[in-house]
Amino acid sequence: MRKTISLVTPCFNEEDGIAECYQAIKDLFARELPGYDREHIFCDNASSDRTAEILKAIAAEDPSVKIIVNSRNFGILRNTYNGVLSTTGDAIVLFVPADLQDPPELITTFVKHWEAGNEVVFGIRAEREEPILLRTARHFYYQFISRMSYVTYPADVGDYQLVDRKVLDAMKRFEDVQPFMRMMPFDAGFRSVGIPYKWQPRKHGISRNRLWQLVDQGLNGIISFSSAPLRIAFFAGFGIAFLSFVYAFTLLVLKLLGFDLGPQGTPTIVIAIFFFGGVQMLFLGLLGEYIVAIFNQVRRRPMVIERERVNFD
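Residues numbered from 1 in each chain as written. Predicted model: local features only at pLDDT ≥ 70, side-chain atom pairs only at ≥ 80, totals over all residues. Heavy atoms only, no water.

### Some thoughts on the pairing of strand E1 (residues 3–11)
What counts is decided by this rule: Categorising residues by exposure relies on relative accessible area from a 1.4 Å probe, with only protein chains included: less than 20% of the type maximum marks a residue as buried, more than 50% marks it as exposed, and the intermediate range marks it as partly exposed. Helix numbering and strand numbering both begin at the N terminus, where a helix is a DSSP run of H or I of at least 4 residues and a strand a DSSP run of E of at least 2. Two strands are said to pair when DSSP picks up at least two bridges between them. Consider the strands pointing away from the viewer: the crossover is right-handed when the path from the first strand over the helix to the second runs clockwise.
Burial analysis of E1 places 8 of its 9 residues in the buried class, the great majority of the element. Direction of pairing for E1 relative to strand E2 (residues 36–44): parallel, over a ladder of 9 bridges. Across the sheet, Ser-6 pairs through a bridge with Glu-39, a residue of E2. Remark: the E1/helix H1 (residues 18–31)/E2 crossover connection has right-handed handedness. Of the strand pairs in this sheet, E1 and strand E4 (residues 91–93) are connected by 3 bridges, and their pairing is parallel.

Right under this line is the structure:
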């Protein structure tokens with residue numbers, strides 16, 4: 001019995017490269033994976049260019065291509081996960097970028113390791129062809145979340161993963177309205193293996209992920225899978241309070257011993273006010289992030305609102 005491999009590609013204003021992405025996956029299956037059926041789901045996040053039009057023309061000729069068009073832009077995380085929830089394959093490639101920065105050729109290796117008994121096969125971005133500042137920032141972030149999370153999560157792992165159907169069924173039970181999909185398979189467990197590869201530069205256009213979106217996604221991952229920030233805030237607050245007590249006690253002892261401490265300087269007071277005020281604002285903002293996450297979860301709003309679906313039976 002033939003097995004089906006599902007692939008999910010989120011897209012937003014990708015008219016220059018979306019046909020190339022489709023063709024690359026189609027050629028890969030014809031050349032390397034002829035024994036498998038293909039289900040390629042494109043999730044259009046309300047593109048303002050011809051992306052949806054191009055995809056509909058492709059879907060009219062190829063029934064293995066399915067399209068979800070959103071009513072507005074719901075962000076890449078929710079858009080991608082909504083597509084993943086719609087897959088029907090025996091194994092699912094969670095994220096195939098429209099710009100082909102994650103090489104499609106790696107899917108063949110993913111499938112081989114999956115057939116060997118691994119339920120999660122994930123790509124490790126061992127090398128990145130991008131500016132050094134952004135590359136360094138990403139590396140430190142992945143290292144931080146890997147060490148601070150309660151989930152065993154290898155560093156430099158993105159959404160480019162293949163998971164077995166049983167893993168996806170487990171992921172569906174999480175019911176996160178702000179899904180951080182790349183860590184869900186590791187939270188679910190199962191047997192896994194990592195494959196290192198080089199992350200390629202974009203072939204067309206520029207990234208639609210702006211700095212504030214990257215920060216939002218990063219905070220979402222930390223808040224969803226780690227309580228470390230709250231613990232750090234607690235111990236930092238305790239440490240600052242303890243140092244303040246030690247400082248006050250030291251001044252008291254010196255005063256009782258007859259030392260002339262002189263008048264208190266205004267700069268010291270100003271610095272102390274700004275320091276403690278900044279620490280308090282930082283911790284309040286940290287608590288606010290967790291509160292917003294709880295608020296969004298309890299509202300139970302839909303993952304996305306769809307305008308239409310194409311080639312779904």
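### Structural notes on the environment of Phe-186
Definition in use: Two residues qualify as a contact provided that any one of their heavy atoms is within 4.5 Å of a heavy atom in the partner residue.
Examined against the element boundaries, Phe-186 turns out to sit in helix H7 (residues 184–188). The sequence separation of Phe-186 and Val-151 amounts to 35 residues, and the corresponding C-alpha distance is 6.5 Å. Those residues in contact with Phe-186, other than ones at most four positions away along the chain, are Phe-122, Val-151, Thr-152, Tyr-153, Pro-154, Val-157 and Gln-161.

### Side note on unusual backbone geometry
Of note, the phi angle at Asn-13 is positive, near 55°, even though the residue is not glycine. By the secondary structure assignment, Asn-13 is in the loop between E1 and H1. We note that Phe-190 has phi near 75°; this positive angle belongs to a residue other than glycine. With respect to the element layout, Phe-190 can be found in the loop between H7 and strand E7 (192–199). The class for Phe-190 is partly exposed, based on a relative accessible area of 39%.

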